[in-house]
Amino acid sequence: RHCRVDHPRIAEAARAIADAATDLGIPPFDERTGEGLLRAVWLKTDGTHVLATLVVRVDDPRLSELVRAVRSVDAFALAIARPNSNDLRGEDLRMLRGRPELVSELAGERLAVGPLGFLQPNPAIAARAYLDLVSGADGSRARGTLALDLYAGAGVTTRLLRRSFDEVIPCESYPESARALGVEPTTAERFLRAFLARDPRRVPELVVANPPRAGLGEQVCSLLLDLAPPSIAMMSCHPATLSRDVERLSANGRY
């Protein structure tokens, strides 16, 4: 509650789902004991419609009651959480109500995202951030022969880069998002190792990275230093890991 980043439609949906779950006696999952039912609620919006994925320990009739009670959410999906895992994607996905994807426009690019695809929680703010990410310090669009897009997510930055680069190679670990990009899901570390092994002399003019809260980490930073692109543009959702990544990348004085 009171998050200043989430889109208002997401905040409204989160409140409605939490209130309905409380009224129906649906117990939240307890990470310490492994008991409870509702482990996570994954919310996405195109600015108008909301798609919610309920990630649960087991299926339960009360979940259908929750879906009927919350009319402010346009579509609901259900996924069973993997045992001993904090992976939001879960297993045995099925739709409970509504369309299985959001189709929207972000930074002038049309995209469709399903219940297990990644989408930033505030489309308007994300569009501004993505445009900054693919632009130089003076605000002009970055250009060149080759760009790598690490943690490409829904593919908006990949599409933006393709407007001004001859070749753009995306990397994404989420299977649903990777399929939409036409690539095999893989981690940034494995992707960079394979790229360097294929042709260590081939250097992209730009590497764009939008890592999760854990940041790039030591191994990815080390591989980027080995690759030595002229420019790295990074978007972060955690100041502490961003600080560590910047310190690692700037240690040799190149960046």
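Residues numbered from 1 in each chain as written. Predicted model: local features only at pLDDT ≥ 70, side-chain atom pairs only at ≥ 80, totals over all residues. Heavy atoms only, no water.

Visitor: It is not clear to me how the confidence of the model for the protein should be interpreted in this structure. Could you clarify?
Guide: Segments scoring low in pLDDT should not have their predicted coordinates read at a detailed level. Here the protein shows a mean pLDDT of 91. Residues at 70 or above account for 100%. Per-element confidence in the protein is highest for strand E8 (residues 165–171), whose mean pLDDT is 97, and lowest for strand E6 (residues 109–113), whose mean pLDDT is 82. (pLDDT = per-residue confidence, 0-100. Helix = DSSP H or I, 4+ residues; strand = E, 2+ residues; numbered from the N terminus.)

Visitor: Please clarify how the side chain of His-7 should be interpreted in this entry.
Guide: With respect to the helices, strands and loops of the structure, His-7 is situated in the segment before helix H1 (8–23). The contact partners of His-7, leaving out residues within four places of it in the chain, are Thr-45, Gly-47, Pro-121, Asn-122 and Pro-123. (Contact = heavy atoms within 4.5 Å.)

Visitor: Can you walk me through the packing of helix H7 (residues 217–227) against helix H8 (residues 239–249) in this structure?
Guide: At their nearest, the axes of H7 and H8 sit 9 Å apart, and the two run at 35° to each other. Where H7 crosses over H8, the handedness of that crossing is right-handed. In contact with Gly-217, Glu-218, Cys-221, Leu-224 and Leu-225 of H7, H8 contributes Asp-245, Arg-248 and Leu-249. In terms of residue class, the contact of H7 with H8 is made up of four nonpolar, one polar and three charged. (Axes fitted to C-alpha atoms, helices over the stretch in contact; angles between N-to-C directions. Left-handed = near helix turned anticlockwise from the far one by under 90°. Nonpolar A, V, L, I, M, F, W, Y, C, P; charged D, E, K, R; others polar.)

Visitor: Please clarify how the pattern of salt bridges should be interpreted in this entry.
Guide: Pairing of side chains with opposite charge becomes possible as their charged atoms draw close. In total, this model carries 12 salt bridges according to the counting rule given. The partner of Arg-9 in a salt bridge is Asp-74, and the shortest N-O contact between them spans 3.6 Å. Of the two residues, Arg-9 sits in helix H1 while Asp-74 sits in the loop between helix H2 (61–69) and strand E3 (75–80), which places them 65 residues apart along the sequence. Note on Arg-9: relative accessible area 17%, which makes it buried. If you follow the salt bridges from partner to partner, you end up with Arg-9, Glu-12 and Asp-74 in one network. (Salt bridge = Lys/Arg side-chain N within 4 Å of Asp/Glu carboxyl O. Buried < 20%, exposed > 50% of the residue type's maximum accessible area, 1.4 Å probe, protein only.)

Visitor: Honestly, the sheet that holds strand E1 (residues 38–45) in this entry has me stumped. Any pointers?
Guide: Adjacent strands of a sheet form backbone hydrogen bonds with each other and so pair up, either parallel or antiparallel. Taken in spatial order, the four strands make up an open sheet running E1-E2-E3-E4, and their pairing is mixed. The open sheet has two edge strands with one neighbour each: E1 and strand E4 (91–97). Each adjacent strand pair in this sheet contributes to an overall mean axis angle of 20°, direction not counted. In the sheet, strand E2 (residues 50–56) pairs with E3 via six bridges, with the strands oriented parallel. In the strand pairing of E3, Leu-54 is matched with Leu-78. (Pairing = 2+ DSSP bridges.)

Visitor: Can you walk me through the packing of aromatic side chains in this structure?
Guide: Working definition: an aromatic ring pair is given by the centre-to-centre distance plus the angle between the planes. Per the stated rule, a full pass over the model turns up two aromatic pairs. Judged by centre distance (6.0 Å) and plane angle (55°), the rings of Trp-42 and Tyr-174 are tilted. In this pair, Trp-42 is assigned in strand E1 and Tyr-174 in the loop between E8 and helix H5 (175–181), connecting sequence segments 132 residues apart. Ring geometry for Phe-191 versus Phe-195: centroids 6.4 Å apart, planes at 25°, classification stacked. Residue Phe-191 and its partner Phe-195 are located together in helix H6 (residues 188–198), separated by four residues, close to a single helical turn. You can call Phe-191 buried: its relative accessible area is 10%. A relative accessible area of 4% means that Phe-195 is categorised as buried. Sitting over the ring of Trp-42, Lys-44 keeps its end group 3.9 Å from the ring centre. (Phe/Tyr/Trp six-rings, centres within 6.5 Å; stacked < 30°, edge-to-face > 60°. Lys NZ or Arg CZ within 6 Å of the ring centre and 35° of its normal.)

Visitor: Is there a simple way to explain the sheet that holds strand E9 (residues 206–209) in this structure?
Guide: Strands sit in the order E8-E7-E9-E10 across an open sheet of four strands; the sheet is parallel. Taken across any chain shown, the strands that pair with only one partner, and hence form the sheet edges, are E8 and strand E10 (231–234). The mean inter-strand angle of the sheet, taken between neighbouring strand axes irrespective of direction, is 15°. The sheet contact formed by strand E7 (residues 144–150) and E8 spans six bridges and is parallel. Directly across from Leu-148, in E8, lies its bridge partner Ile-169.

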